[in-house]
Amino acid sequence: QQPVQSPQAVILREGEDAVINCSSSKALYSVHWYRQKHGEAPIFLMILLKGGEQKGHDKISASFNEKKQQSSLYLTASQLSYSGTYFCGTAGGTSYGKLTFGQGTILTVHP
Amino acid sequence: KAGVTQTPRYLIKTRGQQVTLSCSPISGHRSVSWYQQTPGQGLQFLFEYFSETQRNKGNFPGRFSGRQFSNSRSEMNVSTLELGDSALYLCASLGQVNNEQFFGPGTRLTVL
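Reading the values: rules and limits
Residues numbered from 1 in each chain as written. Chains lettered and ligands numbered in written order. Predicted model: local features only at pLDDT ≥ 70, side-chain atom pairs only at ≥ 80, totals over all residues. Heavy atoms only, no water. Pairing = 2+ DSSP bridges. Helix = DSSP H or I, 4+ residues; strand = E, 2+ residues; numbered from the N terminus. Axes fitted to C-alpha atoms, helices over the stretch in contact; angles between N-to-C directions. 1 Å grid on protein atoms, 1.4 Å probe; cavity = no way out; pocket = protein on both sides within 12 Å on 5 of 7 lines; lining within 4 Å. Points joined across faces, edges and corners; volume = space filled by probe spheres on them. Nonpolar A, V, L, I, M, F, W, Y, C, P; charged D, E, K, R; others polar.

(A) Structural detail: the sheet that holds strand β7 (residues 64-68) of chain B. Residue and element names in this part refer to chain B. Across the sheet, four strands lie side by side as β1-β3-β8-β7; this open sheet has antiparallel pairing. Edge positions in the open sheet fall to β1 (5-7) and β7, since each of these has one partner strand only. On average, each strand axis in the sheet is inclined to that of its neighbour by 20°, with strand direction left out of account. Bridging between strand β3 (residues 19-24) and strand β8 (residues 74-78) involves five bridges; their strand directions are antiparallel. Residue pairing for β8: Leu21 is matched across the bridge by Met76.

(B) Quick peek at the layout of surface pockets. Taken as a whole, the largest pocket spans an internal volume of roughly 720 Å³. Contributing to the lining of the largest pocket are 24 residues, with Gln36, His38, Gly39 and Thr85 of chain A together with Gln37 of chain B lying nearest its centre. Element by element, the count of residues in the lining of the largest pocket is highest for strand β9 (residues 84-91) of chain A, at three residues. Grouping the amino acids of the lining of the largest pocket by side-chain chemistry returns six nonpolar, 14 polar and four charged. Considering only enclosed or pocket space, the second largest pocket measures out at about 550 Å³ in volume. Taken together, 26 residues make up the lining of the second largest pocket; nearest its centre are Gln1, Gln2, Lys98, Leu99 and Thr100 of chain A. Mapped onto the lining of the second largest pocket, the elements with two or more residues apiece are β9 and β10 (99-101) of chain A together with β5 (42-50) and β6 (53-57) of chain B. For the lining of the second largest pocket, the per-class residue count stands at nine nonpolar, 14 polar and three charged.

Encoded structure:
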């Protein structure tokens, strides 16, 4: 089952914040976040394992609520370089080489 | 370390033909995964190889196959191409520190 991401798209001005959500109907063991810029390969942002751990990467952080089977990606004080499509991926158990990705959220940051 | 490389970068084929795509993972990485990316279906998992064995398989028809060599390089083959096979095919090797996937630049396949 493919995780569901929301919103599908978001437009921001530099310095604004955004939240991208990822929900699954199946129990989650881990959530993986990637960003893909147009014409480029997806780049790994972070992985969250079950336990509700929140992780951070510069001004990008994420949380994982295994009871609700959802994860959220928080982008604070957005920069132009944050523009791209964000994907969440879920793995069955520890099979991290097999990710089921959501449809993606297109983030556009304007000056 | 050199990143994941994929060849060729672009391919144009006609319906009914077959195609072979190649992927070289980051040195030391033993797991290679393949994904198909299309505007309509997004990123879909094809299969994963580890130590020359298929470890996971996605929901694609048998026309899609792959293999991995002893040096961890991987190939995927698509036989009897259909128009719907037009896509960006990405391969990724699995890192051992953070369990992150390192994606290659992809092969853009166009089926006419």
